[in-house]
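Fold and geometry: a report
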Amino acid sequence: MVWVTWRQHRVQVLAALAFVVLVGVLLLVHGVRTDALVTSLDHGRQDALAAQFGQVARLLIWSVVPPMLIGLFWGAPLLAREYERGTHWLAWTQSVSRPAWLGVKLAGLGAVVTAAGLVFGLAMYVWAAEFGSLPTGGRLGNPDLFLATGIVPAAWWLFAFMLGVAAGAVLRKLLSAVAVTLAVFFLVYVGMSASDVRLAYAAPMRVVDAAPVVRGEPSSINTPAGAQGRLPNGALLAGAGWLDSHGTPLADDETWACGSTSDYLPCMRDKGYSWFADYHPADRYWRFQWTEAGLLFVATLVLGAVVWRHIR
Amino acid sequence: MMWLTWRQHRAQVLSTAGVLLVVGVLMLVQGDGAATLLGWLPVLPMLAGIFWGAPLLARELERGTHRLAWTQSVTRPRWLVAKLGWLGLAVTVAGLALGLMVTAWLTETGGDHFGDSAMFGATGIAAGAWWLFAFLLGASAGGLVRRLLPAMAVTIVVFVVVLFGIFQARDVYAEPQRWVSDSEWEAGDKLVTGGAWLTPSGAEVDEPDVCADADNRTYLTCVREAGYRSVTYYQPATQYWRFQWTETGILLLGAVLLAGPVVYRVLRRPV
């Protein structure tokens, strides 16, 4: 069975391994070069570091692509292609029982997917350590880094794989399975990032400051970047605003009652308002990673059960 | 043939109509908030390549059903022309319709349809050209590779490469205008393609060789005080339609160059 699995899926396995090795080597080279560049500078280290970070960071939005391709090219064809071509009649009437056939395929390919995702996440984790001092360099604070480092990529890759298999098991047609995998995965992945689900993995901590100080434009404290600048390094911002003397958050029109003038902060202070921000400190990174991986793993198991029911 | 094309591809036609409907509703309901999702618009035509184009020939060749399809009263050239023609038309109309929707959304929300590289290709006639290009790319991949999954993979890879290539190429569709920081900057939609610095003596350099110790906040002031002026290269909004036609021309030429060999091969190859 291992041999059959390898023969049927070797193109996918080799493509994924090549991708992971390529990413690993590129990140290693980039990290070493950044290190050498930054240590050689006397001035402007942070600027150079930010520029180096930007080269890779602008690609991070594409982190949705590898798991999507895994769902499309590993997951969806696994059962849909057999059904569509009728080869499942042959495959399931050999000496290997149906559960064994499915078990080896799912476990074998699932293990490869997970291992590839772990290597990818680990390489990104080590690479990102170089940029921890940047405002956007926090592995927890920067949502793109959170999705690309640690164990979360492996969890997403495995989830995408099982989603593709389940779509193939239910729909039994390759094209439909591919289309459904693509749509569902994209919606779940982008939806998780667009909504505030991740912020609710733990109760946020609150910092209150009666007399905040801001570098630059005073009212910029009301922007996400302005609030982020006042948080501990690498923290994940969950929300910010102003509190009145009773501790209730202000509505929008009260927040801007002072206008966006240069004495915005003293004006707010005179009214008795204090600034607050809810955030998750950087040391919650692994807790959040395990939470997200756990949620995805449960979803993966549910999809696995769906596959199992359709096979029996 | 029209009936056959519809029967074989109705799932794609209906799903695409569904996708357009969802995008439209999203833009209506979310308004400005749809911007993050709409950032993905440039990859949407790829779906036409994967689901409309790649299966067109690959599925027939893979299953052997081309032997049946091409030995009926309809000749092979007519079969191919009808399929490529009707589906190409439908795909182009879908792209143009989406383009109109996006233009309306941009007008409503005040976004750029020229300066924003994601939106430029999703509006005007280039929107239709991108969809048609992706469709013919998928069909060509299917005709050459002759197997569905590899054809889809090839379509994805080539499409992404072309997308990045075109993003880079747009800057040089026309000679850019030059703006120096001591003159009036006219507001409005424009495509900024590059920048540089003018030394006090009037030479153009990439980086000023002063103010190396200044930090982020004082850098600009310091450079200005040293007598440097900044230069911006840009394309004005009036170039929009010229650029649309240029991009459409490039994509259509690419589509024809891709589809030509495939058509030839399908017509010539023994069944």
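The structure this text deals with has already been given above.
Residues numbered from 1 in each chain as written. Chains lettered and ligands numbered in written order. Predicted model: local features only at pLDDT ≥ 70, side-chain atom pairs only at ≥ 80, totals over all residues. Heavy atoms only, no water.

1. Re the environment of Ala129 of chain B
All names here are of chain B. Of note, Ala129 is situated in helix H7 (residues 124–145). Separated by 44 residues in the primary sequence, Ala129 and Tyr173 have C-alpha atoms spaced 17 Å apart. When near neighbours in sequence (up to four residues on either side) are disregarded, Ala129 contacts Thr248 and Leu251. (Helix = DSSP H or I, 4+ residues; strand = E, 2+ residues; numbered from the N terminus. Contact = heavy atoms within 4.5 Å.)

2. Observations regarding the packing of aromatic side chains
Overall, the coordinates contain 30 aromatic pairs over all chains when judged by the stated rule. Arranged with centres 5.5 Å apart and planes meeting at 75°, the rings of Trp70 of chain B and Trp79 of chain B form a pair that is edge-to-face. In this pair, the class of Trp70 of chain B matches that of Trp79 of chain B, namely buried. Ring pairs connect the aromatic residues Phe114, Phe120, Tyr173, Tyr240, Trp241 and Phe243 of chain B, which therefore count as one cluster. Here the guanidinium or amino end of Arg139 of chain A rests over the ring plane of Tyr125 of chain A, the centre of that ring lying 3.7 Å away. (Phe/Tyr/Trp six-rings, centres within 6.5 Å; stacked < 30°, edge-to-face > 60°. Buried < 20%, exposed > 50% of the residue type's maximum accessible area, 1.4 Å probe, protein only. Lys NZ or Arg CZ within 6 Å of the ring centre and 35° of its normal.)

3. Observations concerning the pattern of salt bridges
All names here are of chain A. Evaluation of the coordinates by the stated rule reveals 9 salt bridges over all chains. Note that Lys105 and Glu82 form a salt bridge whose closest N and O atoms lie 3.9 Å from each other. Placement of Lys105 in helix H5 (residues 98–129) and of Glu82 in helix H3 (residues 65–85) is noted, with a sequence separation of 23 residues between them. For the pair formed by Lys105 and Glu82, the shared burial category is buried. Here Arg206 and Asp278 are joined by a salt bridge, their closest N and O atoms 2.8 Å apart. Remark: Asp278 occurs in strand S3 (residues 274–280) and Arg206 occurs in strand S1 (residues 205–209); sequence separation between them is 72 residues. Using a relative accessible area of 15% as the deciding quantity, one classes Asp278 as buried. (Salt bridge = Lys/Arg side-chain N within 4 Å of Asp/Glu carboxyl O.)

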